[in-house]
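Notes for the structure review
Chain residues, written in single-letter form:
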Amino acid sequence: MRKLLTLFLGIFWGLSLQGQQSAQYTLHMLSPYYWNPGAAAIDQDLSLTASVRQQWGGLPGAPMSQFGLLQIPLPQFRAAFGAKFENDQLGAQRNSNLMLSYSFQLEMGENILGLGASAGFTQFGLDGSKLRTPGGAYQDILINHNDAILSAGALSGLAPTFDLGAYFHSEKWNFGLAVRNFTAATIKLSEFDLNTTRTVFFNAQTSFPLGTSFLLQPSIIVRTDLTQIQTDAALIIRYNGNIFGGASFRGYNSNSIDALGLIAGAKLNEKLSVAYAYDLILSPLREVSNGSHELRVYYRIQEGSSKGRKPKIIYNPRLL
């Protein structure tokens, strides 16, 4: 197990010098604002969202991710405001970011096109005391990696980051395109520089009613850093708008197949809803992991009125 963890962290460490990847979430279709600033309050609800994910449970140093979202519609300005905090930890390293978003919402008949931008900061931290190198010397509290770059202590760096996104919302269709880490900023550390990775996201989702009680919602999301691609395809079935369940499949070929996600959720009342996903690992990591768990809680503070659109004004000459 220790050899596996050392190899796993070593591979990730080599990659992290070149780029920073976005955390993985199975319930992506429930929180489009997480990855696309154009989707901020696209449903015109004032809301809070919290999510936590434990990936590859049972594997020491496995990823643990959390995020929180605040979405505020501004119908009087045909816009929306959003705030996002995210924390992602993998072994000895931690990535955190805080972003503020503004989205202009262009009305297209009964539909809305959100054009958004986010600005904030991303922080990278590394606890060198948790790492081990093949040529290092470790005895009691002594930590010596015998590496000119790798520190035995804690490293931390901060850099500004920017996201852009466009998101189309209608009663039947939703799709969006976003770019995270648009400027691919460099985080300065005392021992080395970390170049964040520009990542492109594309999603599409539609809805098909089945009778009067069921709603079928297939969706897909594609993520790429223009070098590697990963996809998630999901199918959700909703019953009376209160209970839903489904599945998600991550991967598109023999090299990218990762997991089969089982999804369930419920609307507990008019304000609160919860969702849970369990990933069955399909990659070789299934030999050392007992799966991934993800929990999402959504709280609607205030429901939007007619999707935030003001009623049409009809001028009557008799009342002028």
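Anything mentioned here points back to the structure above.
First, a word on scope: everything that follows refers to the structure included in this document.

1. So, the environment of T186
Its place among the elements puts T186 in strand β10 (residues 186-188). A residue is classified by how much of its surface remains accessible, and T186, at 31% relative accessible area, is partly exposed. Those residues within four positions of T186 in sequence are excluded, and the remaining contacts are A159, D193, L194 and N195. Engagement of the side chain of T186 in a polar contact is seen with the side chain of N195, the distance being 2.9 Å.

2. Let's talk about unusual backbone geometry
Backbone geometry at A41 places phi at a positive 50 degrees, although glycine is not the residue there. Residue position: A41 is located in the loop between α1 (2-16) and β1 (46-54). Positive phi, normally seen in glycine, also occurs at W56, with a value near 55 degrees. Mapped onto the fold, W56 is located in the loop between β1 and β2 (64-74). According to the relative accessible area criterion, W56 is buried, its value standing at 12%.

3. So, the packing of aromatic side chains
Under the criterion given, the structure shown has seven aromatic pairs. On the numbers, 4.7 Å between centres and 25 degrees between planes, the contact of Y34 with F67 is stacked. Here Y34 is found in the loop between α1 and β1, whereas its partner F67 is found in strand β2, with 33 residues between them in sequence. In this structure Y34 comes out as buried when scored by relative accessible area, which is 6%. By relative accessible area, F67 is classed as buried at 7%. Summarising the aromatic geometry, the rings of W35 and F201 are spaced 6.0 Å apart at their centres and angled 20 degrees between planes, so their arrangement reads as stacked. On the criterion of sequence distance, the pair formed by W35 in the loop between α1 and β1 and F201 in strand β12 (residues 199-206) is long-range, its members being 166 residues apart. By the burial criterion, W35 is buried, and F201 matches it. In this structure an aromatic cluster arises from ring pairing among Y25, Y34 and F67. The ring of Y34 carries K84 above its face, with NZ or CZ at 5.1 Å from the centroid. Directly above the ring of Y138 sits R132, whose terminal nitrogen or CZ lies 4.5 Å from the centroid.

What counts and what doesn't
Residues numbered from 1 in each chain as written. Predicted model: local features only at pLDDT ≥ 70, side-chain atom pairs only at ≥ 80, totals over all residues. Heavy atoms only, no water. Helix = DSSP H or I, 4+ residues; strand = E, 2+ residues; numbered from the N terminus. Buried < 20%, exposed > 50% of the residue type's maximum accessible area, 1.4 Å probe, protein only. Contact = heavy atoms within 4.5 Å. Polar contact = N/O pair within 3.5 Å; in protein donor to acceptor, adjacent residues only side chain to side chain. Phe/Tyr/Trp six-rings, centres within 6.5 Å; stacked < 30°, edge-to-face > 60°. Lys NZ or Arg CZ within 6 Å of the ring centre and 35° of its normal.

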